[in-house]
Every structure is written in structure tokens, then in C-alpha cells.
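Structural description and commentary
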Amino acid sequence: MQLSNLSLAYLVLELKPLLEGSIIRKVQQLNPAGFKLKLQTRQGTKDLILMEDAFFVSNHSFPVNDKPSNFTLKLKKHILNKKILSLTQAGFERIVFIELEGFYIVLEMFHNGNTLLLDKDKIIIDVLK
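Note that the structure is a prediction, hence the values are computed from the model and not measured. (Residues numbered from 1 in each chain as written. Predicted model: local features only at pLDDT ≥ 70, side-chain atom pairs only at ≥ 80, totals over all residues. Heavy atoms only, no water.)

1. Focus on unusual backbone geometry
Peptide bonds are, in most cases, trans, and in most cases residues other than glycine have a negative phi. Stated precisely, the cut-off is as follows: Starting at the N terminus, helices and strands are each numbered in turn, a helix being any DSSP run of H or I of at least four residues and a strand any DSSP run of E of at least two.
Of note, the phi angle at N112 is positive, near 60°, even though the residue is not glycine. Of note, N112 is situated in the loop between strand 7 (103-108) and strand 8 (115-119). Notably, K122 is not glycine yet its phi reads approximately 65°, a positive angle. Assignment of secondary structure puts K122 in the loop between strand 8 and strand 9 (124-127).

This is how it looks when you write it as C-alpha cells:
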């Protein structure tokens, strides 16, 4: 089930205080379209789960893929130990920007959406699919 634009807006507002200022300590692939970012937050260690049509914070232990994709390796190379500066929704669209130090992760939260890694000038470095 996809999140509505309004639900996504409230999710971003709710997670913003927790995620902003957090540092990405680990990047792991859960499945072909899902990732786990282990974060060091003000409230301790949290897992940010990025899926094809959802994202959430969890303390649940998800099994990780032993063989990461090229996109996962690119994420590890560029965003490890980076601070999350902001979490925003593009207007009222189902697109979320996670701004990091020098990079952006863009989540397209709609059917067959994509995950993108952008540089500081918003030029695409890599895409999930």
C-alpha cells in the first residue's frame, strides 16, 4: 500500500527532529529495493529503513543481503559517516529529499519509484534502477 501525499507529509514532519543531525554509521541492503541505514542519533542508535514505497525508523532486526548491489556499494562509498542535514518533501509530491553533507538521497515514494544518490549540486551519481 502506498502512502498518500498527506501521510507522507506527516511522516516527514514526525521523523525530521529525530533524523536531522544524525550520522550514518552503516549502510546495508535488505532486498533488491530496500536498505538499512544505521544512524547515530541524539536518542541512541536507530535503523532507518528505506523501501521502495515506504521509509521508517525501527529497532527490529531485519536480515541483510550478504551480496550488496553496486548501488549499495556506491552509497557506502559516499554517505558513510555523513550527517543528515535535512529531511524534506518536494512540495506536496511523493518525493523525499534526505540532505547529507555534500550529497542527497532522493526517495520516489510511488509505484515503481526509484532511489537516487545525488551530489551537492543535485547531479545524479547513481540510481537504484
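2. So, the pairing of strand 6 (residues 95-100)
A regular strand carries its side chains on alternate faces of the sheet. Our working definition: Strands qualify as paired when DSSP identifies two bridges or more between them.
Direction of pairing for strand 5 (residues 84-89) relative to strand 6: antiparallel, over a ladder of five bridges. What sits directly across from L87, in strand 6, is I98. What sits between strand 5 and strand 6 in their antiparallel hairpin is a turn of five residues, with G91 showing a positive phi close to 60°. In terms of strand pairing, strand 6 meets strand 7 through five bridges, oriented antiparallel. Across the sheet, the residue bridging to V96 is L107, located in strand 7.

3. Concerning the packing of aromatic side chains
Any aromatic ring pair is given by two values, namely how distant the centres are and how the planes are angled relative to each other. How we decide: Pairing of aromatic side chains here covers Phe, Tyr and the six-membered ring of Trp, requires ring centres within 6.5 Å, and sorts the geometry by plane angle: under 30 degrees stacked, over 60 edge-to-face, intermediate tilted. Under the scheme applied here, a residue whose accessible area is under 20% of the maximum for its type counts as buried, over 50% as exposed, and between as partly exposed, the area being computed with a 1.4 Å probe on protein chains only. Criterion for a charge above a ring: Lys NZ or Arg CZ within 6 Å of the ring centre, and within 35 degrees of the ring normal.
If you walk through the whole model with that rule in mind, you get three aromatic pairs. Aromatic pair F97 and Y104: ring centres 6.3 Å apart, planes at 85°, arrangement edge-to-face. An identical accessibility class is assigned to F97 and Y104; each is buried. Its guanidinium or amino end placed over the ring of F97, K122 lies 5.1 Å from that ring's centre, counting from NZ or CZ.

4. Notes on the sheet that holds strand 7
Using the following cut-off: What counts as an axis is a line fitted to C-alpha atoms, over the stretch in contact for a helix, and the angles between N-to-C directions run from 0 to 180 degrees. By the convention used here, residues are in contact when the closest approach between their heavy atoms is within 4.5 Å.
Taken together, the five strands give an open sheet; going across it, the order is 5-6-7-8-9, and neighbouring strands pair in antiparallel fashion. The outermost strands of the open sheet, each flanked by one partner alone, are strand 5 and strand 9. In this sheet, adjacent strand axes meet at a mean angle of 20° when their direction is disregarded. On top of the sheet, helix 1 (residues 5-19) reaches strand 5 and strand 6; it is set at about 165° to strand 5, its chief contact. Strands strand 6, strand 7, strand 8 and strand 9 of the sheet are contacted by helix 2 (residues 70-79), whose axis makes an angle of about 35° with strand 8.

5. Examining the pattern of salt bridges
How we decide: Between Lys or Arg on one side and Asp or Glu on the other, a salt bridge is scored when a side-chain nitrogen of the former is within 4 Å of a carboxyl oxygen of the latter.
Evaluation of the coordinates by the stated rule reveals four salt bridges. K16 is paired through a salt bridge with E20; the nearest N and O atoms lie 3.3 Å apart. Assessed through its relative accessible area of 24%, K16 is described here as partly exposed.

6. Brief notes about helix 1
Stated formally: Here, expected helix span is obtained from the residue count minus one, scaled by 1.5 Å.
Over its 15 residues, helix 1 runs 20 Å from end to end, which matches the ideal 21 Å to within 8%, given 1.5 Å per residue. Among the residues making up helix 1, those that are buried are L8, A9, L11, V12, L15, L18 and L19. Of the residues one or two after helix 1, G21 is the one with positive phi, at around 95°.

7. Here's the deal with the side chain of N114
Inspection of the secondary structure puts N114 in the loop between strand 7 and strand 8. The class for N114 is buried, based on a relative accessible area of 13%. Sequence-distant contacts of N114, that is, excluding residues within four places in its chain, are made with V106, L107, E108, V127, L128 and K129.

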